[in-house]
Amino acid sequence: MSEFTTRVAVVTGGGSGIGKAVAIALAEAGAAVGVVDWNRANAERVAADLCGRGLRALAAVADVADEPAVKTAFATIVEAFGDIDILFNNAGIDNAVPLVDMSAAVWDEMMRVNLRSLFVCTKAVLPAMQRKRWGRIINTASQSGYKGAPAMVHYCATKAGVLGFTRALAYEVIDDNITVNAIAPGPIDTPIKDTLPPEWVAAKVAGLPIKRFGTVDEVAPAVMLLASDAGAYFVGACLNMNGGDHMA
Ligand SMILES: NC(=O)c1ccc[n+]([C@@H]2O[C@H](COP(=O)([O-])OP(=O)(O)OC[C@H]3O[C@@H](n4cnc5c(N)ncnc54)[C@H](O)[C@@H]3O)[C@@H](O)[C@H]2O)c1
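Model, not experiment: these values are computed from the prediction.

Engineer: Would you mind going over the overall build of the chain in detail, with residue names and values included?
Structural biologist: Regarding its fold elements, the chain presents eight helices and seven strands. A globule of 248 residues ought to have a C-alpha radius of gyration of about 18 Å, and the chain, at 17 Å, matches this closely. When burial is assessed residue by residue, the chain has 45% of its 248 residues classed as buried. At a minimum sequence separation of 6, the contacts of the chain that also span at least 24 residues come to 71%.

Engineer: Just give me the short version of helix 6 (residues 153–173), but keep the residues and values in it.
Structural biologist: A rise of 1.5 Å per residue sets the reference length of helix 6, with its 21 residues, at 30 Å; its end C-alpha atoms lie 30 Å apart and thus fit the reference within 8%. On its buried face, helix 6 sits against helix 4 (104–132), strand 5 (135–140), helix 5 (144–147), strand 6 (178–185) and strand 7 (238–241).

Engineer: Residues and numbers for the site of the ligand, please.
Structural biologist: As a matter of local geometry, the ligand sits amid 28 residues, with Gly13, Gly17, Gly92, Thr190 and Ile192 nearest to it. Sorting elements by how many residues they give to the shell around the ligand places helix 1 (residues 17–28) first, with three residues. A class-by-class count of the residues in the shell around the ligand yields twelve nonpolar, twelve polar and four charged.

Engineer: Could you give an account of the nonpolar core, with specific residues and numbers?
Structural biologist: Membership of the largest hydrophobic core comes to 66 residues, with the highest contact counts inside it found for Val11, Val22, Ala23, Leu26, Val33, Val35 and Val223. At eight residues, the largest contribution of residues to this core is made by helix 1. When sequence neighbours within four positions are dropped, the list of residues in contact with Val35 reads Val11, Gly14, Gly15, Ala23, Ala43, Val46, Ala47, Ala57, Leu58 and Ala59. Within the second largest apolar cluster, five residues are counted, among which are Met110, Ala149, Met152 and Cys156.

Engineer: If you had to explain the environment of Thr179 to someone new, which residues and values would you point to?
Structural biologist: If you trace the backbone, Thr179 turns up in strand 6. Overall, Thr179 belongs to the buried group, with 23 C-beta atoms counted inside 10 Å. Separated by 174 residues in the primary sequence, Thr179 and Thr5 place their C-alpha atoms 19 Å from one another.

Engineer: Residues and numbers for the packing of helix 4 against helix 6, please.
Structural biologist: Across the interface, helix 4 lies against helix 6 with an axial gap of 9 Å and an inter-helix angle of 20°. Classified by the angle their axes make, helix 4 and helix 6 are roughly parallel. As for the relative orientation of helix 4 and helix 6, their crossing is right-handed in sense. Across the interface between the two elements, Val106, Trp107, Met110, Met111, Asn114, Leu115, Leu118, Thr122 and Leu126 of helix 4 pack against His154, Tyr155, Thr158, Gly161, Val162, Phe165, Leu169 and Val173 of helix 6. Residue composition of the contact of helix 4 with helix 6, grouped by class: twelve nonpolar, five polar and no charged.

Engineer: How would you summarise the packing of helix 1 against helix 8 (residues 220–227) if you had to cite specific residues and measurements?
Structural biologist: Remark: helix 1 packs on helix 8, axes separated minimally by 9 Å, with the N-to-C direction vectors making an angle of 50°. Compared by their axis directions, helix 1 and helix 8 come out oblique. Once helix 1 is placed against helix 8, the crossing between them reads as right-handed. Taken together, the residues of helix 8 that come into contact with helix 1 (itself represented by Ala21, Val22 and Ala25) are Ala220, Val223 and Met224. Its residues assigned to classes, the contact of helix 1 with helix 8 shows six nonpolar, no polar and no charged.

So, how was this worked out
- Chains are numbered independently. Their residues run from 1 in the order of the written sequence.
- Note on the predicted model: pLDDT of at least 70 is required for a residue's local features to be given, and 80 or more for side-chain atom pairs to be given and counted; whole-chain, interface and lining totals, by contrast, use all residues.
- Here a strand is any run of E in DSSP of at least two residues, a helix any run of H or I of at least four, and the numbering for each starts at the N terminus.
- Here the globule rule reads 2.2 Å times residues to the power 0.38, and the radius of gyration is calculated from C-alpha atoms.
- To assign burial, the other C-beta atoms lying within 10 Å of each residue's own C-beta are counted, with C-beta atoms placed from the backbone; 20 or more indicates buried, 12 or fewer indicates exposed, and intermediate counts indicate partly exposed.
- By the convention adopted here, residues make contact when the C-beta atoms placed from their backbones lie within 7 Å.
- Expected span of a helix: the number of residues minus one, times 1.5 Å.
- Any residue whose backbone-placed C-beta atom lies within 6 Å of a molecule or strand is treated as near that molecule or strand.
- Under this grouping Gly is polar, as are all residues other than the nonpolar Ala, Val, Leu, Ile, Met, Phe, Trp, Tyr, Cys and Pro and the charged Asp, Glu, Lys and Arg.
- Residues enter a nonpolar core if they are buried, belong to Ala, Val, Leu, Ile, Met, Phe, Trp, Tyr or Cys, and are joined to the set through C-beta atoms within 7 Å.
- Inter-axis angles, ranging from 0 to 180 degrees, are taken between N-to-C directions of lines fitted to C-alpha atoms, where helices are fitted over the stretch in contact.
- Angle categories: roughly parallel below 35 degrees, roughly antiparallel above 145, roughly perpendicular from 65 to 115, and oblique for all the rest.
- A clockwise turn of the near helix away from the far one marks a right-handed crossing, whereas an anticlockwise turn of less than a right angle marks a left-handed crossing.

Listed below in structure tokens is the structure:
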């Protein structure tokens, strides 16, 4: 029997891309999965596909930076499946704007969705994890959080912030047997890529040692490791899968 059959997982941004792949991997391993997304149709489609295969999943719609909405969404998951054991903080947005042209509204929305969401979602699950003395929190950073990227000052600042959040919280909760780690994908072929200018994408591929974008199925196994019992010794770590874009 898989260890995941006793786990309840929440995947934010589970309606698409990396989050969808991880929601599928967790459910296939036996976990009950809350698919949280602000795109209702996508979240419901992912959950319905999993349930149709006899797996356990539930869609819950929320803007992950909106504290009351997150509390309500997570409560429906807890009611259906029990306390949340694994949180994959993955929902995020991306766009490319040179700083000189960037409005404060664009800056603020990036901070809200990519960084405030970690505060909101993590705070919502920590008390139950502390009570149970077991938890896994995995945050999606980006290799851009290490190396920067042109026209993405706001995005890179949030992803560097995700790494700082991960390391600081890892200290706070390891005594409760809760691990906090991150992943830092390089360019992965998901719908978020379509939000970037084609010339930006072409330049990115040309500069990659592996000369291609990665797939979501090349990201999910790292999340599964960090979510597992075998991942217990990863504390405040970040796993990089980036085709050589940033070798660290
Ligand atoms: N694709 C890449 O190249 C890449 C590289 C590094 C990091 N990342 C990160 O991976 C994560 C997932 O991105 P993806 O590539 O799968 O993109 P995606 O657009 O396919 O998926 C993101 C999901 O998050 C949801 N979402 C966005 N803002 C939300 C909000 N405020 N509330 C609730 N849901 C929200 C979207 O609806 C979408 O379903 C993001 O944090 C992104 O920054 C992606």
